[in-house]
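# Fold and geometry: a report
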Amino acid sequence: MQIKMVRGKTQMKRIENPISRQVTFSKRKNGLMKKAFELSVLCDAQVALVVFSPRGRLYEFASSSILETIERYRSHTRINNPPTTSDSVENNQHLNEEAENMMKKIDLLETSKRKLLGEDLGSCSINELQKIEQQLEKSINKIRAKKTQVYREQIDQLKKKEKALLAENTSLSEKCDSYSSQQAKKDDRDNIGEVEGITDQSSPNSDVETGLFIGLPETRTRRISPS
């Protein structure tokens, strides 16, 4: 007698044993990925599969691009599932309510603005006037603080510019003094050269002929001019 082993049918419920649950997830996930791949190849279908493990790890498969497949799914959903009439009515009502609330807020802001400018104060009570006064004082204090900050920033910038100009002026003065000293030395050298030239011309070794005779009177030759 041949005994056949009958495989028991798995009951569809959460596996309580964490180890068995992890093993089952790994096996079934791999089988699912394999089936998705076979479906895309055999049937030329565009398949995208996204799986998150119990620990939050992502597993995905796409026959082309998973983003393109998701975008195609969204477009298909928008085309084939247009909003119903009731949804459109509710949406319009919601938009109308938001528009009314915005108009009320704008009116309140306009009224507050006029009161801050000193207009339409006839209906204001003492408490309201005091609140407006306090608000204006706070605004003035903020404006003055900001103005003081701007002044300080401008003064700091001017001081930096002053330092830069002083440094540039000092550098230019040093260059000017150096140039003047070099020019003075050059002039001195030129003057010394001119003096030496004059001295050479007036020395006894020059070839200038004169009519003077230098010597004792006895040795002079007496010259008799013809009668």
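Predicted model only: the values in this text are computed from it and were never measured. (Residues numbered from 1 in each chain as written. Predicted model: local features only at pLDDT ≥ 70, side-chain atom pairs only at ≥ 80, totals over all residues. Heavy atoms only, no water.)

When helices and strands are tallied, the protein chain shows four helices and two strands. Beginning at the N terminus, the succession of helices and strands in the protein chain can be written as α-β-β-α-α-α. When the 227 residues of the protein chain are sorted by exposure, 7% land in the buried category. The contacts in the protein chain between residues at least 6 apart in sequence include a share of 18% that link residues at least 24 apart. (Helix = DSSP H or I, 4+ residues; strand = E, 2+ residues; numbered from the N terminus. Buried < 20%, exposed > 50% of the residue type's maximum accessible area, 1.4 Å probe, protein only. Contact = heavy atoms within 4.5 Å.)

Take Phe37: it is sitting in helix 1 (residues 18-42). Counting along the chain gives 12 residues from Phe37 to Leu49, while the straight-line C-alpha distance between them is 9.7 Å.

What follows concerns the side chain of Thr69. Relative to the assigned elements, Thr69 resides in helix 2 (residues 66-80). Side-chain polar atoms of Thr69 contact the side chain of Gln46, separated by 3.0 Å. In contact with Thr69, not counting residues within four places along its chain, are Gln46, Ala48 and Ser64. (Polar contact = N/O pair within 3.5 Å; in protein donor to acceptor, adjacent residues only side chain to side chain.)

Turning our attention to unusual backbone geometry. Leave glycine aside and you will find that most residues have negative phi; peptide bonds, for their part, are mostly trans. Positive phi values are uncommon outside glycine, yet Asp44 reaches one of about 50 degrees. For Asp44, a relative accessible area of 72% corresponds to the exposed category.

Turning to the pairing of strand 2 (residues 58-62), a few remarks are in order. Alternating residues of strand 2 divide into Tyr59 and Phe61, all buried, and Leu58, Glu60 and Ala62, none buried. Pairing analysis gives five bridges linking strand 1 (residues 48-52) to strand 2, with the strands arranged antiparallel. Along strand 2, the bridge assignment pairs Val50 with Glu60. Counting the residues that bridge the hairpin from strand 1 to strand 2 gives five residues, and of these Gly56 lies at a positive phi of roughly 90 degrees. (Pairing = 2+ DSSP bridges.)

Glancing now at the packing of aromatic side chains. Enumeration over the complete set of coordinates arrives at two aromatic pairs. Here the aromatic rings of Phe37 and Phe61 are separated by 6.3 Å at their centres, their planes lie at 80 degrees, and the arrangement is edge-to-face. Placement of the pair is Phe37 in helix 1 and Phe61 in strand 2, with a sequence separation of 24 residues. A relative accessible area of 46% places Phe37 in the partly exposed class. We classify Phe61 as buried; its relative accessible area is 17%. (Phe/Tyr/Trp six-rings, centres within 6.5 Å; stacked < 30°, edge-to-face > 60°.)

Function cannot be inferred from these measures alone, as they are strictly geometric.
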